[in-house]
Amino acid sequence: MSSTLEILKKRTSANNFNNTKQISESDIRELISYACEAPSSFNIQHWRFVAVTEKDVKEKLKAVAFGQQKISDAAVTFAVLGDLKGIDKLSEAISPMLKSGAIDQKAHDGWLGMATGMYKDNPQLVRDEAIRSASLAGMNLMIAAQAKGFVSGAMVGFDPEGVKKVLGISDRYVPVMLIAVGPEAPGNWPRKPRFSVDQVLSLNKFKEF
Ligand SMILES: Cc1cc2nc3c(=O)[nH]c(=O)nc-3n(C[C@H](O)[C@H](O)[C@H](O)COP(=O)(O)O)c2cc1C
């Protein structure tokens with residue numbers, strides 16, 4: 001198995017997927033379990049996923065995503081969503097820690113109180129956070145896919161309202177990205193260049209590039 005660092009250097013965005021291959025539900029569940037290991041603000045875990053494997057649903061999704069063919073060809077295309085009311089589930093998310101004794105009631109209540117205070121009356125921050133946390137899960141998903149021998153392709157080229165309509169998603173959730181995952185077909189581009197570390201890294205004081 002490749003190391004994490006090798007996988008980071010190996011992952012590219014694929015356009016070409018083998019459209020004759022399927023993915024098992026257990027593989028899908030395993031990928032999502034790794035996605036869910038991502039960190040999130042206050043452990044709110046804003047991410048939700050819809051795994052689209054059925055041909056007719058893929059076609060409808062493709063139609064609201066500028067006809068991107070990889071949505072149909074990939075074994076699965078995930079819609080990664082961010083929960084705009086994630087805070088409502090925070091107590092449920094952290095109560096196992098209270099039950100196991102990892103935190104006491106005071107810490108539990110303080111945790112909830114801080115999170116509630118931070119996001120209250122700040123819809124912009126709520127939305128930013130939902131997108132930020134769900135994006136980290138999306139990255140985990142792509143790394144996990146690569147580690148399991150699949151390729152992936154993230155997409156923001158879609159009509160969010162169209163995606164919500166096709167997949168039956170309420171206004172509570174913001175579509176963050178689509179991620180096509182599956183076995184590769186030939187013809188994908190090689191690694192794309194990156195800015196050098198010197199171009200993007202400042203030490204101690206920001207230096208504009
Ligand atoms: C948030 C996000 C949105 C993207 N949207 C699209 C898209 O809609 N269609 C597409 O073909 N590629 C999309 N890409 C892929 C990028 O073009 C790609 O990540 C970038 O060119 C770097 O290439 P690499 O991923 O192969 O390293 C997206 C990537 C990200 C992270």
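All values derive from a computational prediction rather than experimental measurement. (Residues numbered from 1 in each chain as written. Predicted model: local features only at pLDDT ≥ 70, side-chain atom pairs only at ≥ 80, totals over all residues. Heavy atoms only, no water.)

Colleague: Requested: an account of the site of the ligand, with residues and values cited.
Modeller: What surrounds the ligand is the set Arg11, Thr12, Ser13, Gln68, Lys70, Ala154, Met155, Val156, Gly157, Lys192 and Arg194. Between a nitrogen atom of the ligand and a main-chain N or O atom of alanine 154, the distance comes to 3.1 Å. The backbone of glycine 157 places a nitrogen or oxygen atom 2.9 Å from an oxygen atom of the ligand. Here the ligand has 620 Å² of accessible area as a free molecule, and 63% of this is covered by the chains. Residue classes in the shell around the ligand are distributed as 3 nonpolar, 4 polar and 4 charged. (Near = heavy atom within 4 Å. Polar contact = N/O pair within 3.5 Å; in protein donor to acceptor, adjacent residues only side chain to side chain. Areas by Shrake-Rupley, 256 points an atom, 1.4 Å probe, with all protein chains shown as cover. Nonpolar A, V, L, I, M, F, W, Y, C, P; charged D, E, K, R; others polar.)

Colleague: Which residues make up the nonpolar core, and what values do they have?
Modeller: In this structure, Ile23, Leu31, Phe78, Leu141, Ile179 and Val181 are the most contacted members of the largest nonpolar core, which totals 24 residues. If you tally residues by element for this core, the top one is helix H7 (residues 123–147), at 7 residues. (Core = buried A, V, L, I, M, F, W, Y, C linked by side-chain atoms within 4.5 Å. Buried < 20%, exposed > 50% of the residue type's maximum accessible area, 1.4 Å probe, protein only. Helix = DSSP H or I, 4+ residues; strand = E, 2+ residues; numbered from the N terminus.)

Colleague: How would you summarise a positive patch on the surface if you had to cite specific residues and measurements?
Modeller: Together, Lys9, Arg191, Lys192 and Arg194 make up a positively charged patch on the protein surface. Looking at the secondary structure, you find arginine 194 in the loop between strand E4 (173–182) and helix H9 (197–200). (Patch = residues over 30% accessible without salt bridge, like charges linked within 9 Å, V, L, I, M, F, W, Y side chains within 5 Å. Salt bridge = Lys/Arg side-chain N within 4 Å of Asp/Glu carboxyl O. Lys, Arg positive; Asp, Glu negative; His and termini not counted. Charge placed at Lys NZ, Arg CZ, Asp CG, Glu CD.)

Colleague: Can you break down the packing of helix H3 (residues 55–63) against helix H8 (residues 160–167) residue by residue, with the values?
Modeller: Relative orientation of the contacting elements H3 and H8 amounts to 160°, with a least axis distance of 9 Å. One element, H3, and the other, H8, form an angle in the roughly antiparallel class. You can see that H3 and H8 cross each other, and the crossing is right-handed. Where H3 abuts H8, its residues Val57, Lys60 and Leu61 lie against Val163, Val166 and Leu167. Here the residues of the contact of H3 with H8 are counted per class, giving 5 nonpolar, no polar and 1 charged. (Axes fitted to C-alpha atoms, helices over the stretch in contact; angles between N-to-C directions. Parallel < 35°, antiparallel > 145°, perpendicular 65-115°, else oblique. Left-handed = near helix turned anticlockwise from the far one by under 90°. Contact = heavy atoms within 4.5 Å.)

Colleague: An account of the packing of aromatic side chains is requested, with residue identities and associated values reported.
Modeller: All chains considered together, the criterion is met by 2 aromatic pairs. For the pair phenylalanine 42 and tyrosine 119, a centre-to-centre distance of 6.2 Å together with 80° between the ring planes defines the contact as edge-to-face. One end of the pair, phenylalanine 42, is in the loop between helix H2 (25–35) and strand E1 (47–52); the other, tyrosine 119, is in helix H6 (residues 105–119), with 77 residues separating them in the sequence. Ring centres of phenylalanine 195 and phenylalanine 209 lie 5.1 Å apart, and the angle between their planes is 75°; this geometry places the pair in the edge-to-face category. Of this pair, phenylalanine 195 sits in the loop between E4 and H9 while phenylalanine 209 sits in the segment after H9, placing them 14 residues apart in sequence. (Phe/Tyr/Trp six-rings, centres within 6.5 Å; stacked < 30°, edge-to-face > 60°.)

Colleague: If you had to explain the UniProt feature "domain: Nitroreductase" (unreviewed entry) in the protein chain to someone new, which residues and values would you point to?
Modeller: The positions that UniProt labels "domain: Nitroreductase" (unreviewed entry) are, in the present scheme, residues 8–182. Annotated as residues 8–182, this span is 49% helix and 17% strand, and its ends, taken at the C-alpha atoms, are 17 Å apart. (UniProt positions renumbered as here; feature names shortened; annotations may be inferred.)

Colleague: Tell me about H6, and name the residues and values.
Modeller: Counted at 1.5 Å a residue, the expected span for H6 with its 15 residues is 21 Å, and the 21 Å between its end C-alpha atoms agrees. Listing the buried residues of H6 in full gives His108, Leu112, Ala115 and Tyr119. Mapping the buried residues of H6 onto a view down its axis gives an arc of 70°, with all of them on the same face. In H6, the exposed residues that point more than 90 degrees away from the buried face are Lys106 and Met114. The inward-facing, buried residues of H6 abut helix H5 (90–100) and H7. (Expected span 1.5 Å × (residues − 1). Arc of directions from axis to C-beta.)

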